[in-house]
Amino acid sequence: MLDSLRSIVQEVNSARDFASVLDIIVKRVRKTTDTGVCSIYLHDPVSDKYILAATEGLNPEAVGNIRLATGQGLVGLVAAKAEPINLDDAEAHPNFAYFPESGEERFRSFLGAPVIHHRKVLGVLVVQQAERRRFDESEEAFLVTVSAQLAGVIAHANATGQLTRQLSPELVLSGGERVFRGVPSVPGISIGHAVVITSPADLYAVPHRAASDIDHELALFHQALEQTKQDLRTVHADLSEKLNQEERALFDVYVSMLDDSSLGGEVTVLIRAGLSAQTAWSEVIIEHIRNFSSMEDAYLRERATDVRDLGRRVLGYLQQSQVENREYPNDSVLIGEELAAANLADISVEKIVAMVSAKGSRNSHLAILGRAMGIPTVMGAIDLPWRELDGNQVIVDGHLGLIIANPRPEVLRAYMAQIEEEKILSADLERLRDEPSVTADNHHITLWVNTGLRLDSLLSLDRGAEGVGLYRTEIPFFMQERFPSEDEQRKIYREQMEMFAPRPVTMRTLDIGGDKALPYFPIEEANPFLGWRGIRISLDHPEIFLVQLRAIMRASEGLENLRILLPMISNIPELESALALVNRVYHELTEEEGYTLTKPLVGAMIEVPAAAYQVRDIARRVDFLSVGSNDLTQYLLAVDRNNSRVADLYHTLHPALLHALKQIVEGASAENCPISVCGEMAGDPLSALLLVGLGYRVLSMSATNLLRVKAILRQVSIAQAEGLAQTCLTLSDNSQIRSYLESAFTDPEITRLYSWTKSSPY
Ligand code: PEP
Ligand code: MG
């Protein structure tokens, strides 16, 4: 059974769509358990019924027609109890329900296992047998294991809309709007048309497209086949002396597989039926890979690799012809499985209104570029059926991380109104640019910006930033093909410091690792956020760290505005080692090499819970502290900040975080150590008020949020902010805190500053 399980999983993983997954499971489970029937019932959220979705053994006409409420029949009972039921005489059970259309009377014994995901019963997997017998423990365990596998697949199908298509195709045919979630990575809203970008020659990444001109698609296909055959013949000729006769014969087999009597013919039929050449080719090849992978015979199983290889070669040629001909709409929303900066090369940037990637995080290179260009971006939309969206109208909500495909007219109108409101608000906020950043009772709150690219520095100056609270030095490192040299770095840092001088510029030393991987310094780890990150890498690679420190200090010559910030400090010895290296570089530069430099202030990030508890020990050793609320939240709550599956647990207003923030600011002030907050939280208007109420007087944020935060601070007094914070500290969960903060303000001038997250219909 273990072997069967392994091969079922393999087959399921290479299945083309959800319907094939169900089909594979019922067939393989029936065969493995050697029973008369295997069926899957799926929960339909619309009717709240369990519907027969696939069967091997019952009348196929019954699919879609047998529907059971929770608690109804044996299937409903499995769902209601959320545990397996194993009966040797099903008919004798009081819950037995008879469905003539199923032909079920022939089957006496019944074993049903619930399919559960995140505590919800999504379906029931059933096997039945004609003769009376009790299924043994190993069969029950097998069914439970398959159900657990199925749970993830069904949950994904549900999120992508495939489940609705399976259970209620009529809903989808009526034009259905679909909503998907990802990680909000660049704020803003755009409405446009999806342009699906695929990785080259990835058979599983081919978008589902219809042929607009069948003859043209056929011609492209035949040309790709000819090019591939030609390649194979060339390789064959080149290797002919090195191969024996059987090995040479393999090439002939490959070439003949491309013929009309084989794969070529199957694809031609699908193209004639209206599919594009790429779609038809990938569907046929995936089906063949699946068939070969499931074969018992090891030799034949291996042939799956050959088919895959052949599949990629032909697809490569088909895609080449497509790239040459592709036209992009003026409102392109780039969508892909793992969009990368390289994908921007083929399209002019003015045509891109939004970007969405199924994989990747807010810190991916693409998101960083999106921020620099002000293009609303959503990353990590893991359930997005991106292959199917090509050409669809989509709304991308970069504030909430939503992607809405084929929006209903009222949703479209709501978002268009929001875009207009944002424009008006931005114009109003512009007027605050030169106004002081003070509370209603005239206390100055210093507003700094987080930068990393030249573009966001320019925007920051335009918004009246008083300094740079966080310059993420890793960002320029992402833009290179190797570690930048000392002089290359010095120029980049110098430009930044000159732009802001005499205002302070806080240069954070390299913070790579976690989800920030340099293409030329890959780090493979099982738990990257708990692994080799930030200061840990710098200390292990003094040759990189020292060069960076030299470049930073040399860049500050004559400017006197440098502050150096150390990321990911989690204990005192590493802080002391880093400080010793900073001092060493300073002495080398000034005493041995003759540079005239003012000693920079050196600070530590408080972003690991350990540092929060040792804040006074740290504060005594540095010139300033900066709270990284993004990481502090993820480490305190044990919630990956980039994983959209747990995004609803990532709460920056979690009471635990507020208490930690209070303890940190009190610890810093007990040591007379200046402190700021530089996580995203500082740029959220309501959270910014809360931070001020907790005692923070310096906030650093992305330039886009600066005027909004300034506007709200100008309307509220310190005493009011303190009152808010005190009440928040007595509340016990994130949503209570958020609603309390929102209810505290009724003035429309204030509410419109933070309500963008509330105006979405979702
Ligand atoms: C943080 O963790 O809050 C922070 C500002 O650093 P980064 O987002 O670069 O990890
Ligand atoms: Mg951080």
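Remember, predicted model here, so these are calculated numbers, not experimental data. (Residues numbered from 1 in each chain as written. Chains lettered and ligands numbered in written order. Predicted model: local features only at pLDDT ≥ 70, side-chain atom pairs only at ≥ 80, totals over all residues. Heavy atoms only, no water.)

(A) Quick peek at the overall build of the protein chain. Tallying secondary structure elements over the protein chain gives 28 helices and 22 strands in all. In terms of overall size, the protein chain behaves like a compact globule, its C-alpha atoms giving a radius of gyration of 30 Å where 762 residues would be expected to give roughly 27 Å. A principal-axis box enclosing the C-alpha atoms of the protein chain has dimensions of 85 × 75 × 50 Å. Residues classed as buried in the protein chain amount to 54% of the 762 residues present. Residue pairs at least 24 apart in sequence account for 65% of intrachain contacts in the protein chain once pairs closer than 6 positions are excluded. Working note: accessible area of the protein chain is about 32400 Å², and carbon and sulfur atoms make up 50% of it. (Helix = DSSP H or I, 4+ residues; strand = E, 2+ residues; numbered from the N terminus. Rg over C-alpha atoms; globule rule 2.2 N^0.38 Å. Buried < 20%, exposed > 50% of the residue type's maximum accessible area, 1.4 Å probe, protein only. Contact = heavy atoms within 4.5 Å. Areas by Shrake-Rupley, 256 points an atom, 1.4 Å probe, with all protein chains shown as cover.)

(B) Highlighting the packing of helix α16 (residues 486–500) against helix α18 (residues 542–555). Running from N to C, α16 and α18 cross one another at 40°; their axes reach a closest spacing of 8 Å. As far as their axial angle goes, α18 and α16 are oblique. Pair α16 / α18 crosses with right-handed handedness. Mapping the contact onto sequence places E486, D487, Q489, R490, Y493, R494 and M497 in α16 and V547, Q548, R550, A551, I552, R554 and A555 in α18. In terms of residue class, the contact of α16 with α18 is made up of six nonpolar, two polar and six charged. (Axes fitted to C-alpha atoms, helices over the stretch in contact; angles between N-to-C directions. Parallel < 35°, antiparallel > 145°, perpendicular 65-115°, else oblique. Left-handed = near helix turned anticlockwise from the far one by under 90°. Nonpolar A, V, L, I, M, F, W, Y, C, P; charged D, E, K, R; others polar.)

(C) A look at the nonpolar core. Counting residues in each nonpolar core, the largest one holds 106 residues, and the members touching the most others are M553, I618, L625, Y696 and L699. Residue contributions to this core peak at nine residues, all from helix α19 (residues 572–592). Ignoring anything within four residues of it in the chain, the contact list for Y696 reads V627, L661, I664, V665, I675, S676, V677 and L691. If you look at the next biggest cluster of nonpolar residues, it comprises 34 residues, including I25, V115, L150 and A155. (Core = buried A, V, L, I, M, F, W, Y, C linked by side-chain atoms within 4.5 Å.)

(D) Quick look at the site of ligand 1. In the vicinity of ligand 1 lie 15 residues, with R472, R508, G628, N630 and R641 positioned nearest. Take K516: an N or O atom from its side chain is 3.0 Å from an oxygen atom of ligand 1. R641 is positioned such that a nitrogen or oxygen atom in its side chain is 2.7 Å from an oxygen atom of ligand 1. Burial of ligand 1 by the surrounding chains reaches 100%, relative to a free accessible area of 290 Å². The biggest single contributor to the shell around ligand 1 is helix α22 (residues 629–637), with three residues. (Near = heavy atom within 4 Å. Polar contact = N/O pair within 3.5 Å; in protein donor to acceptor, adjacent residues only side chain to side chain.)

(E) Just the packing of aromatic side chains, in detail. Per the counting criterion, the structure on display carries six aromatic pairs. With a centroid separation of 5.7 Å and 50° between ring planes, the pair formed by F221 and W281 is classed as tilted. Within this pair, whereas F221 is found in helix α7 (residues 214–239), its partner W281 is found in helix α10 (residues 277–293), the two being separated by 60 residues in sequence. We note that F221, like W281, is buried. Among the aromatic residues, those joined into a ring-pair cluster are F477, F483, Y520, F521 and W532. R563 extends its terminal NZ or CZ atom over the ring of F624, reaching a point 3.7 Å from the ring centre. (Phe/Tyr/Trp six-rings, centres within 6.5 Å; stacked < 30°, edge-to-face > 60°. Lys NZ or Arg CZ within 6 Å of the ring centre and 35° of its normal.)

(F) Representation of the coordination of the magnesium ion (ligand 2) within the structure. Taken together, the protein donors to the magnesium ion (ligand 2) comprise E607 (OE) and D631 (OD), at separations of 2.0 to 2.1 Å. Residue E607 is located in the loop between β19 (601–606) and α20 (609–613), and its partner D631 is located in helix α22; the two are separated by 24 residues in the primary sequence. Across the pair, D631 and E607 agree in class, each one buried. (Donors = N, O, S within 2.8 Å, 3.2 Å for Na, K, Ca; no water.)

(G) Quick peek at the sheet that holds strand β8 (residues 183–186). The eight strands are arranged β7-β14-β13-β9-β10-β11-β12-β8 in an open sheet whose pairing can be described as mixed. This sheet does not close on itself; its edge strands, each paired only once, are β7 (178–181) and β8. Between one strand axis and the next, the sheet turns by 30° as a mean value, whatever way the strands run. Pairing between strand β10 (residues 332–336) and strand β11 (residues 352–357): five bridges, direction parallel. Considered in β11, the bridge of I335 is made with V356. (Pairing = 2+ DSSP bridges.)

(H) Quick look at the sheet that holds strand β4 (residues 85–87). In spatial order, the strands read β3-β2-β1-β6-β5-β4; together these six strands make up an open sheet with antiparallel pairing. Each end of this open sheet is capped by a strand with a single partner; those strands are β3 (67–69) and β4. For this sheet, the mean inter-axis angle between neighbouring strands, taken without regard to orientation, is 25°. Bridging between strand β5 (residues 109–117) and strand β6 (residues 120–129) involves nine bridges; their strand directions are antiparallel. Bridged to G112 within β6 is V126.

(I) Highlighting the pattern of salt bridges. A full pass over the atoms with the stated rule returns 40 salt bridges. Its salt-bridge partner being E430, residue R463 comes within 4.0 Å of it at the nearest N-O pair. Remark: E430 occurs in helix α13 (residues 409–430) and R463 occurs in the loop between α14 (454–462) and β16 (468–472); sequence separation between them is 33 residues. Take E430: its relative accessible area is 35%, and that puts it in the partly exposed class. With a shortest N-O distance of 2.8 Å, R620 and E671 are connected by a salt bridge. (Salt bridge = Lys/Arg side-chain N within 4 Å of Asp/Glu carboxyl O.)

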